[in-house]
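So you can see what is in the structure, the chains are spelled out below.
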Amino acid sequence: MTQDSSPPQPQAGQRELVLRVMPMPADSNANGDIFGGWIMAQVDIAGSILPARISRGRVATVAVNEFIFKQPVSIGDLLSFYATVTRVGRTSITVHVEVMAERDPENPHIVKVTEANLTYVAIDLQGKPRPLAI
């Protein structure tokens, strides 16, 4: 990417890897599973990547429309977060996020552990909604 070019704009319906992270022991509950709240925070971060790029500025989460925990997440799972823009409005963008866990390095396999739909709104410096800069 040259200094004068901007990052490519994501296309609606195009799935994109936006975040990879490995949960650590401090992220686990008393049962040894990763806290659901920790996963939710990571999904919110991952979900905001494409809306921030599309809006070319600040975005705020305005709705968690759906959140499904499909399987527990364990310490050492390598989590990959994939985002897909599902709707673009005048000031808001809705994103579907899928979380895949890569498990067991000796016998690797990948499973979907979480999926969610979130809506973000583009905001100005005062925190007020603003039209998207598309």
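Residues numbered from 1 in each chain as written. Predicted model: local features only at pLDDT ≥ 70, side-chain atom pairs only at ≥ 80, totals over all residues. Heavy atoms only, no water.

Moving on: the packing of aromatic side chains. Aromatic rings in a pair are described by how distant their centres are and how their planes are angled relative to each other. The final tally for this structure, using the stated rule, is one aromatic pair. Here Phe-67 and Phe-69 contribute two aromatic rings whose centre-to-centre distance is 5.1 Å and whose plane-to-plane angle is 45 degrees, an arrangement assigned as tilted. Sitting over the ring of Tyr-82, Arg-15 keeps its end group 3.9 Å from the ring centre. (Phe/Tyr/Trp six-rings, centres within 6.5 Å; stacked < 30°, edge-to-face > 60°. Lys NZ or Arg CZ within 6 Å of the ring centre and 35° of its normal.)

The tally for this structure, following the rule as stated, stands at seven salt bridges. Between Arg-15 and Glu-98 there is a salt bridge whose closest N-O contact spans 3.1 Å. Note that Arg-15 is positioned in strand E1 (residues 15-21) and Glu-98 in strand E4 (residues 92-103), a separation of 83 residues in sequence. When its relative accessible area of 15% is taken as the criterion, Glu-98 is described as buried. Each member of the salt-bridge network shares a partner with another, and the members are Arg-15, Lys-70, Glu-98, Lys-112 and Glu-115. (Salt bridge = Lys/Arg side-chain N within 4 Å of Asp/Glu carboxyl O. Helix = DSSP H or I, 4+ residues; strand = E, 2+ residues; numbered from the N terminus. Buried < 20%, exposed > 50% of the residue type's maximum accessible area, 1.4 Å probe, protein only.)

Attention now moves to helix H1 (residues 36-55). Helix length check: H1, at 20 residues, gives a terminal C-alpha distance of 29 Å against a target of 28 Å (1.5 Å per residue), a fit within 8%. By the largest-angle criterion, Ile-49 marks the main kink of H1, which is about 30 degrees, and a proline, Pro-51, follows within four residues. Regarding H1, the residues found buried are Trp-38, Ile-39, Gln-42, Val-43, Ala-46, Gly-47, Ser-48, Leu-50, Pro-51, Ile-54 and Ser-55. Tucked into the core, H1 has its buried residues touching E1, strand E2 (59-69), strand E3 (78-88), E4 and strand E5 (109-122). (Expected span 1.5 Å × (residues − 1). Bend = angle between axes of the 7 residues up to and from the residue. Contact = heavy atoms within 4.5 Å.)

This brings us to unusual backbone geometry. Even without being a glycine, Arg-56 presents a positive backbone phi close to 55 degrees. For Asp-104, which is not glycine, the phi dihedral falls at a positive 50 degrees. Within the element layout of this structure, Asp-104 appears in the loop between E4 and E5.

As a further point, take the sheet that holds E1. The five strands lie next to each other as E1-E3-E4-E5-E2, forming an open sheet whose pairing is antiparallel. Unpaired on one side and paired on the other, E1 and E2 mark the two borders of the sheet. Each adjacent strand pair in this sheet contributes to an overall mean axis angle of 25 degrees, direction not counted. Where E1 and E3 come together, six bridges link them in antiparallel fashion. The partner of Glu-16 across the bridge, within E3, is Ala-83. (Pairing = 2+ DSSP bridges. Axes fitted to C-alpha atoms, helices over the stretch in contact; angles between N-to-C directions.)

With that settled, consider the UniProt feature "domain: HotDog ACOT-type" (unreviewed entry) in the protein. With numbering matched to this structure, UniProt assigns "domain: HotDog ACOT-type" (unreviewed entry) to residues 13-126. Helix and strand shares over residues 13-126 are 18% and 48% respectively, and the end C-alpha atoms of the span are 31 Å apart. (UniProt positions renumbered as here; feature names shortened; annotations may be inferred.)

This part is about the pairing of E3. When E3 meets E4, the two strands line up antiparallel, connected through 10 bridges. Residue pairing in the sheet places Leu-79 in a bridge with Ala-101 of E4.

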